[in-house]
There are 2 protein chains.
Amino acid sequence: MSAAHTDVPSVLAHELPRPVPAAEFAACPVTEVFRRVGDKWSMLVVIVLGQRPHRYNELHRAIEGISQRMLTRTLRGLEADGLVDRTVAATVPPSVSYSLTPLGRSLLEPLSALADWAVAHAGAFGRRA
Amino acid sequence: MSAAHTDVPSVLAHELPRPVPAAEFAACPVTEVFRRVGDKWSMLVVIVLGQRPHRYNELHRAIEGISQRMLTRTLRGLEADGLVDRTVAATVPPSVSYSLTPLGRSLLEPLSALADWAVAHAGAFGRRA
DNA sequence: CCGTATCCGATTTGATACTG
DNA sequence: CAGTATCAAATCGGATACGG
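Residues numbered from 1 in each chain as written. Chains lettered and ligands numbered in written order. Predicted model: local features only at pLDDT ≥ 70, side-chain atom pairs only at ≥ 80, totals over all residues. Heavy atoms only, no water.

- An unreviewed UniProt entry lists chain A under the name Transcriptional regulator, HxlR family, with Pseudonocardia thermophila given as the organism.

### Details of the sheet that holds strand β3 (residues 95-100) of chain A
Residues and elements named next belong to chain A.
For step 1, the next point in the chain: Taken together, 3 strands build an open sheet; the order of strands is β1-β3-β2 and the sheet is antiparallel. Only two strands of the sheet have a single neighbouring strand rather than two, namely β1 (54-55) and β2 (84-89).
For step 2, the next point in the chain: Inspection of the sheet shows β2 paired to β3 by 6 bridges, in the antiparallel sense. Within β3, the position partnered with V84 by the bridge is L100.
For step 3, the next point in the chain: Relative to β3, helix α4 (residues 42-51) is tilted by about 95°, and along the sheet it contacts β1, β2 and β3. (Pairing = 2+ DSSP bridges. Helix = DSSP H or I, 4+ residues; strand = E, 2+ residues; numbered from the N terminus. Contact = heavy atoms within 4.5 Å. Axes fitted to C-alpha atoms, helices over the stretch in contact; angles between N-to-C directions.)

### Quick word on the sheet that holds strand β1 (residues 54-55) of chain B
Residues and elements named next belong to chain B.
For step 1, the next point in the chain: The 3 strands are arranged β1-β3-β2 in an open sheet whose pairing can be described as antiparallel. Looking along the sheet, the strands with just one partner apiece sit at the ends: β1 and β2 (84-89).
For step 2, the next point in the chain: In this structure, β1 lies alongside strand β3 (residues 95-100), joined through 2 bridges in antiparallel fashion. Bridging from a neighbouring strand, R55 pairs with S97 of β3.
For step 3, the next point in the chain: Taken strand by strand, helix α6 (residues 68-80) contacts β2 and β3, and its axis lies near 115° from that of β2.

### Description of the protein's contact with DNA strand D
For step 1, the next point in the chain: Among the 18 residues in the neighbourhood of DNA strand D, the closest are listed as A:K40, A:R69, B:Q68, B:R86 and B:Y98.
For step 2, the next point in the chain: Taking the atoms of DNA strand D that fall within 4 Å of the protein, sugar and phosphate contribute 63% of them.
For step 3, the next point in the chain: A:K40 is positioned with one of its side-chain polar atoms (N or O) 2.6 Å from a phosphate oxygen of DNA strand D.
For step 4, the next point in the chain: B:R76 places a polar side-chain atom, nitrogen or oxygen, 3.3 Å from a phosphate oxygen of DNA strand D.
For step 5, the next point in the chain: Among the residues making up the surface near DNA strand D, the classes are represented as 7 nonpolar, 5 polar and 6 charged. (Near = heavy atom within 4 Å. Polar contact = N/O pair within 3.5 Å; in protein donor to acceptor, adjacent residues only side chain to side chain. Nonpolar A, V, L, I, M, F, W, Y, C, P; charged D, E, K, R; others polar.)

Okay, structure coming up:
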């Protein structure tokens, strides 16, 4: 490491150039995103739906640890944020399919950057002291 | 977007190729990372420290919304995860400087990918309905 | 099959006051 | 300056039971 600090690419360097006014941080988009998708299940659902659309009970089985309550809440949140589409087929019995919107699919890529980092540093991270 | 679904680059595609066994998801590194850094303040602190090292009260002022309690807790967590270094100068009055470790600095980059996404879609996201 | 309703414990955060 | 202690509030999450 030669330079004092890593040069930060992209918007971070652009948006946070100096001692930070702080008030602007409250509205920081990164924080916003994490506050919305950073809960216990949202990202998992996004990733699973990234493979293919799933019906409600498919999701319930695929994620397994999740309760109906949280699955519904999570899906409603993702729906409200425009990341997930809910499609109802008026059949008997009823069938509801969930899929990613284009916006939701676009989130998969930055997510993978974080996934790469997580995998690469899984050893150093994770173990507290 | 021509294909049925976005082709997911990197580890996401590699680690989650099929209907998902789900048990393996519990140990998903991405989830791990989010569970640790996905709290209310951690990422903000990492980003602020990415600009330059800060002392305790500098951080307190820079982030502004944060309470002393949460600032300390957040710093201790980041320290335990090897993302932040704490350096005490035995002066009068005492001075404690916090800075990113190499690991912490490396996290800045995937974070910026997410930041780019957040900025790019700030309009579509954020507004619920 | 696809949810909703209710209850309750666990975790997280904030406000405030105090200390070496 | 750099924290800790304590209390209360809000939020999150799981279990269970019920309804369209």
